[in-house]
Structure formats: structure tokens, C-alpha cells
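Here's the letter readout for the chains.
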Amino acid sequence: MKVTIDLTLCQGYANCVDAAPAVFDLGDNGLAVLLVEEPGPEHEGAVREAARLCPVRAIEIAE
Ligand code: SF4
């Protein structure tokens, strides 16, 4: 799976970091940073949960 974050939408709520800390972090500017652009299957559930929990739907998942 390929993950992207729309930083024009991200408000730094960090729900993604809570849901998938191996894939998302918060940068010094308070916005999300992608640690792994193409997470393996072991992260799929956590990444989908992160996308679901993002209040501004900034996380895009492509198969
Ligand atoms: S949950 Fe969404 S708004 Fe919050 S830091 Fe992650 S991408 Fe940004």
C-alpha cells in the first residue's frame, strides 16, 4: 500500500501517530510526517485505522 498525507489539510491532531506510530510521526512544525511511504502488510490495519481516525481526512491510501 502507498500512503500520502495532504499537508494542506493536516491540522496536527496526531490521531494517526496514536494509531500507527511506526508509520506516522509529528514534525517540528506540528504536522504529520510519513515515516514509511509504502508500509508492508504488517502495518495495513494500523494505517487504515489512522486514515479512518484523521478528523480532516488528510491520509490517502492507494493499493
Ligand atoms: S490525524 Fe490527520 S490531521 Fe492529525 S496529524 Fe495525522 S494526518 Fe494530520
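Along each chain, numbering runs from 1 in the same order as the chain's sequence is written. Per-residue local features of the predicted model are confined to residues with pLDDT of at least 70, and side-chain atom pairs are confined, for both listing and counting, to 80 or more; whole-chain, interface and lining totals are unaffected and use all residues. Note that the side-chain values use all heavy atoms of the structure and ignore hydrogens as well as water.

Put simply, DSSP marks the helices as runs of H or I at least four residues long and the strands as runs of E at least two long, and each gets a number from the N terminus on. Secondary-structure assignment places Ala-22 in the loop between helix H1 (15–19) and strand S2 (24–26). Apart from residues no more than four positions distant in its own chain, Ala-22 is found in contact with Leu-35, Val-36 and His-43. Between two residues, a contact is recorded if the distance between any of their heavy atoms is within 4.5 Å.

Time to look at the site of the ligand. The cutoff for a nearby residue is simple: one of its non-hydrogen atoms must lie within 4 Å of the molecule or strand. The ligand sits among Cys-10, Gln-11, Gly-12, Tyr-13, Ala-14, Asn-15, Cys-16, Leu-26, Ala-32, Cys-54, Val-56 and Ile-59. When its residues are assigned to classes, the shell around the ligand shows nine nonpolar, three polar and no charged. Throughout, the ten residues Ala, Val, Leu, Ile, Met, Phe, Trp, Tyr, Cys and Pro are labelled nonpolar, Asp, Glu, Lys and Arg are labelled charged, and all others, Gly among them, are labelled polar.

This part is about helix H2 (residues 44–53). Looking at H2, one finds that the buried residues are Val-47, Ala-50 and Ala-51. Down the axis of H2, the sector holding all buried residues measures 95°, keeping them to one side. Across from the buried face of H2, at angles greater than 90 degrees, the exposed residues are Gly-45 and Arg-52. Tucked into the core, H2 has its buried residues touching strand S1 (2–5), H1, S2 and strand S4 (59–62). Exposed residues in this analysis have more than 50% of their type's maximum accessible area, buried residues have under 20%, and partly exposed residues fall in between, with area computed by a 1.4 Å probe over protein chains only. The arc in question is formed by the directions pointing from the helix axis toward the C-beta atoms.

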